[in-house]
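Below are the chains, spelled out letter by letter.
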Amino acid sequence: MGKIKTHKASAKRFKATATGKIKMNHCGRRHKLGLKTPKRKRQLRKSACVSSARMNDLKRMLPYS
């Protein structure tokens, strides 16, 4: 049986933690920052964990993480 290919775009965006959760960065921090409030920009700076609804898809895309 052959190896499973990793989805390279997902591998660049997501990292697995030691407990098995998948960490990601928020979107919306690239441009049009003048329209966003300082509170919103501060909250977008932090990383977040992927929701359980998306977890199965990402486990399939990142088989070796």
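Residues numbered from 1 in each chain as written. Predicted model: local features only at pLDDT ≥ 70, side-chain atom pairs only at ≥ 80, totals over all residues. Heavy atoms only, no water.

Enquirer: Give me the lowdown on the overall build of the protein chain, citing residues and values where you can.
Expert: Regarding its fold elements, the protein chain presents 3 helices and 3 strands. The secondary structure elements of the protein chain, listed N-terminal to C-terminal, are α-β-β-α-β-α. Since a compact globule built from 65 residues should have a radius of gyration of about 11 Å, the 15 Å found for the protein chain marks it as more spread out than a globular shape. If you line up the protein chain on its principal axes, its C-alpha atoms span 50 × 25 × 20 Å. Here the protein chain holds 65 residues, and the buried ones make up 14% of them. For the protein chain, contacts bridging at least 24 residues in sequence account for 58% of all contacts bridging at least 6. As displayed, the protein chain offers around 5800 Å² of accessible surface, 54% of which is attributable to carbon and sulfur atoms. (Helix = DSSP H or I, 4+ residues; strand = E, 2+ residues; numbered from the N terminus. Rg over C-alpha atoms; globule rule 2.2 N^0.38 Å. Buried < 20%, exposed > 50% of the residue type's maximum accessible area, 1.4 Å probe, protein only. Contact = heavy atoms within 4.5 Å. Areas by Shrake-Rupley, 256 points an atom, 1.4 Å probe, with all protein chains shown as cover.)

Enquirer: Explain the nonpolar core to me, and be specific about the residues and the numbers.
Expert: Membership of the largest hydrophobic core is limited to 6 residues, which are Phe-14, Ile-22, Val-50, Met-55, Leu-58 and Leu-62. Sequence-distant contacts of Leu-62, that is, excluding residues within four places in its chain, are made with Thr-6, His-7, Ser-10, Ala-11 and Phe-14. (Core = buried A, V, L, I, M, F, W, Y, C linked by side-chain atoms within 4.5 Å.)

Enquirer: Explain the layout of surface pockets residue by residue, including any values.
Expert: Approximately 150 Å³ is the volume attributed to the largest pocket. As for the largest pocket, its lining consists of Asn-25, His-26, Cys-27, Gly-28, Arg-29 and Arg-30. Its residues placed into classes, the lining of the largest pocket shows 1 nonpolar, 3 polar and 2 charged. (1 Å grid on protein atoms, 1.4 Å probe; cavity = no way out; pocket = protein on both sides within 12 Å on 5 of 7 lines; lining within 4 Å. Points joined across faces, edges and corners; volume = space filled by probe spheres on them. Nonpolar A, V, L, I, M, F, W, Y, C, P; charged D, E, K, R; others polar.)

Enquirer: Account for the side chain of Ser-10, with residues named and values stated.
Expert: By the secondary structure assignment, Ser-10 is in helix α1 (residues 8–13). Apart from residues lying up to four places away in sequence, Ser-10 is in contact with Met-61 and Leu-62.

Enquirer: Mind laying out the sheet that holds strand β2 (residues 22–25), listing which residues take part and the relevant values?
Expert: Within a beta sheet, neighbouring strands are joined by backbone hydrogen bonds and run either parallel or antiparallel to one another. The 3 strands lie next to each other as β1-β2-β3, forming an open sheet whose pairing is antiparallel. Strands with a single pairing partner mark the edges of an open sheet, and in this sheet they are β1 (15–16) and β3 (47–49). Across 2 bridges, β1 lies against β2 in antiparallel orientation. Bridge pairing in β2 places Ala-16 opposite Ile-22. (Pairing = 2+ DSSP bridges.)

Enquirer: Tell me about the environment of Cys-49, and please be specific about residues and values.
Expert: Relative to the elements of secondary structure, Cys-49 occurs in strand β3. When its relative accessible area of 44% is taken as the criterion, Cys-49 is described as partly exposed. Note: C-alpha distance between Cys-49 and Thr-17 (32 residues apart in sequence) is 9.4 Å. Excluding residues within four positions of it along the chain, Cys-49 makes contact with Lys-21, Ile-22 and Met-24.

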